[in-house]
Amino acid sequence: MPRLRLLLEYDGTNYVGWQRQTNGVSVQQRIEEALTVAYGVQCIIHGAGRTDAGVHASGQCAHAELPEGAHQIPINKVAVAINTRLPKDIRILQAERVHDSFHARFDAVWREYVYSIALKPSVFTRLTSWDPEAPFDRDLFEQALQVMRGRHDFTAFSKSNPDTSSYVCNLQTCQSTIHGDTLEVRLRADRFVYGMCRAIIGACMSVARQRFTLDQLTSMRDSASRTVAPLLAPAHGLCLTAVGYPEELPADPS
């Protein structure tokens, strides 16, 4: 069956997260509903990252398998056909046909998030960046971020998830830069576990406010234990910005 790869963006404010849930409307649900109407058959999609409630995306990737009997839509018109059926806070940026073995989640080799912290609060960024209110030491914050880099067991910086068999991740990038009135923290890893980005930001902010030391942060990292749960940064500051795939993926046979 034909398979589509979708590049998309969304404002996660009004959703319970990416994945379908019983307690509210998800981003996945809205896209599946739009696809089902556009193609005339029920469609299921699989995302590269399962973002939490309130988390945004500017570079989420997903794939959809088109069942037999689906309407024929020219590939250059797929994005428009879906977008006209989506709410304004979700948008398909690109659609392409891929080999039927492609999987948006399992073929991904890295994911990248950006966490935004407001250095000057604004009503225009209140839904996309965290205003920490209390002052913090930016140099200490950056030093704390460097402690988190590398391959570690991130159990101490995650929520429990029965579906997760390993909490070992290789955090390749973890650093901050200032863009205007925003401190942006870029985190790139081969994989992320549930709540990891927000827990890292929260823990580093606690160090930057001198609530505990860099040595204590290192001990927490190495403990692989949730007994000392770090501050969890608010969801609305986090955005999934990119997903990476191997250069040599099977070509679309059509």
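Remember, it's a predicted structure, so these values are computed and weren't measured experimentally.

Here we come to the side chain of Thr182. Assignment of secondary structure puts Thr182 in strand 8 (residues 182-189). Thr182 has contacts with Ser116, Ile117, Leu119 and Thr177, leaving out every residue within four places of it along the chain.

Another point: the packing of aromatic side chains. Inspection of the entire model under this criterion finds 6 aromatic pairs. On the basis of an interplanar angle of 65° and a centroid distance of 6.4 Å, the ring pair of Phe154 and Phe157 is categorised as edge-to-face. Each member of the pair, Phe154 as well as Phe157, is classed as buried. When the ring centre of Phe102 is taken as reference, the NZ or CZ atom of Arg5 above it lies at 4.8 Å.

To continue, consider the pairing of strand 8. Here 8 bridges tie strand 5 (residues 110-118) to strand 8, and the two strands are oriented antiparallel to one another. The partner of Tyr115 across the bridge, within strand 8, is Val185. Relative to strand 8, strand 7 (residues 168-179) runs antiparallel, the two being bridged by 8 bridges. Across the sheet, His179 pairs through a bridge with Thr182, a residue of strand 8. Counting the residues that bridge the hairpin from strand 7 to strand 8 gives 2 residues, and of these Gly180 lies at a positive phi of roughly 65°.

A separate point is helix 1 (residues 27-39). Because an α-helix packs 3.6 residues into every turn, residues spaced three or four apart end up facing the same way. Taking 1.5 Å per residue as the helical rise, helix 1 with its 13 residues ought to reach 18 Å, and the 18 Å between its terminal C-alpha atoms agrees with that figure. Taken residue by residue, helix 1 has Val27, Gln28, Gln29, Ile31, Glu32, Ala34, Leu35, Ala38 and Tyr39 as its buried positions. Looking at the buried side of helix 1, the elements it contacts are strand 1 (3-10), strand 2 (45-47), strand 3 (56-65), helix 2 (78-83) and strand 4 (90-98). Where helix 1 begins, one side-chain oxygen reaches toward the backbone nitrogen of Gln29, 3.1 Å away; that side chain belongs to Ser26. One or two steps after helix 1, the chain reaches Gly40, where phi turns positive at roughly 75°.

The subject of this paragraph is helix 3 (residues 138-148). Turning to helix 3, its buried residues number three or more, namely Leu140, Phe141, Ala144, Leu145, Val147 and Met148. For helix 3, the arc enclosing every buried residue in end-on projection is 150°, short of the 170-degree limit, so these residues lie on one face. Buried positions along helix 3 lie against strand 5, strand 6 (150-153), strand 7, strand 8, helix 4 (196-208) and helix 5 (214-223). Where helix 3 begins, one side-chain oxygen reaches toward the backbone nitrogen of Asp139, 2.9 Å away; that side chain belongs to Asp137. Gly150 sits one or two residues past helix 3 and shows a positive phi near 110°.

Our focus in this paragraph is the environment of Gln172. Here Gln172 lies in strand 7. In the structure, Gln172 is positioned 42 residues away from Trp130 in sequence and 23 Å away in space, judged by C-alpha atoms. If we skip the residues at most four places from it in the chain, Gln172 touches Trp110, Arg149, Arg188, Ala189 and Asp190.

Here we come to the layout of surface pockets. Computed from the structure, the largest pocket encloses a volume of approximately 880 Å³. The wall of the largest pocket is formed by 32 residues, among which Arg50, Asn161, Phe192, Val193 and Tyr194 lie closest to the centre. Sorting the residues of the lining of the largest pocket by element identifies strand 5 and helix 4 as the ones contributing at least two each. The leading source of residues in the lining of the largest pocket is helix 4, at 3 residues. Each residue belonging to the lining of the largest pocket can be placed in one class, and the counts come to 13 nonpolar, 10 polar and 9 charged. If you add up the space inside the second largest pocket, you get close to 160 Å³. Of all the secondary-structure elements, those providing two or more residues to the lining of the second largest pocket are strand 1, strand 3 and strand 4. Sort the elements by how many residues they give to the lining of the second largest pocket and strand 1 lands first, with 3 residues. In terms of residue class, the lining of the second largest pocket is built from 5 nonpolar, 2 polar and 2 charged.

The rules behind each value
- Residues numbered from 1 in each chain as written.
- Predicted model: local features only at pLDDT ≥ 70, side-chain atom pairs only at ≥ 80, totals over all residues.
- Heavy atoms only, no water.
- Helix = DSSP H or I, 4+ residues; strand = E, 2+ residues; numbered from the N terminus.
- Contact = heavy atoms within 4.5 Å.
- Phe/Tyr/Trp six-rings, centres within 6.5 Å; stacked < 30°, edge-to-face > 60°.
- Buried < 20%, exposed > 50% of the residue type's maximum accessible area, 1.4 Å probe, protein only.
- Lys NZ or Arg CZ within 6 Å of the ring centre and 35° of its normal.
- Pairing = 2+ DSSP bridges.
- Expected span 1.5 Å × (residues − 1).
- Polar contact = N/O pair within 3.5 Å; in protein donor to acceptor, adjacent residues only side chain to side chain.
- Arc of directions from axis to C-beta.
- 1 Å grid on protein atoms, 1.4 Å probe; cavity = no way out; pocket = protein on both sides within 12 Å on 5 of 7 lines; lining within 4 Å.
- Points joined across faces, edges and corners; volume = space filled by probe spheres on them.
- Nonpolar A, V, L, I, M, F, W, Y, C, P; charged D, E, K, R; others polar.

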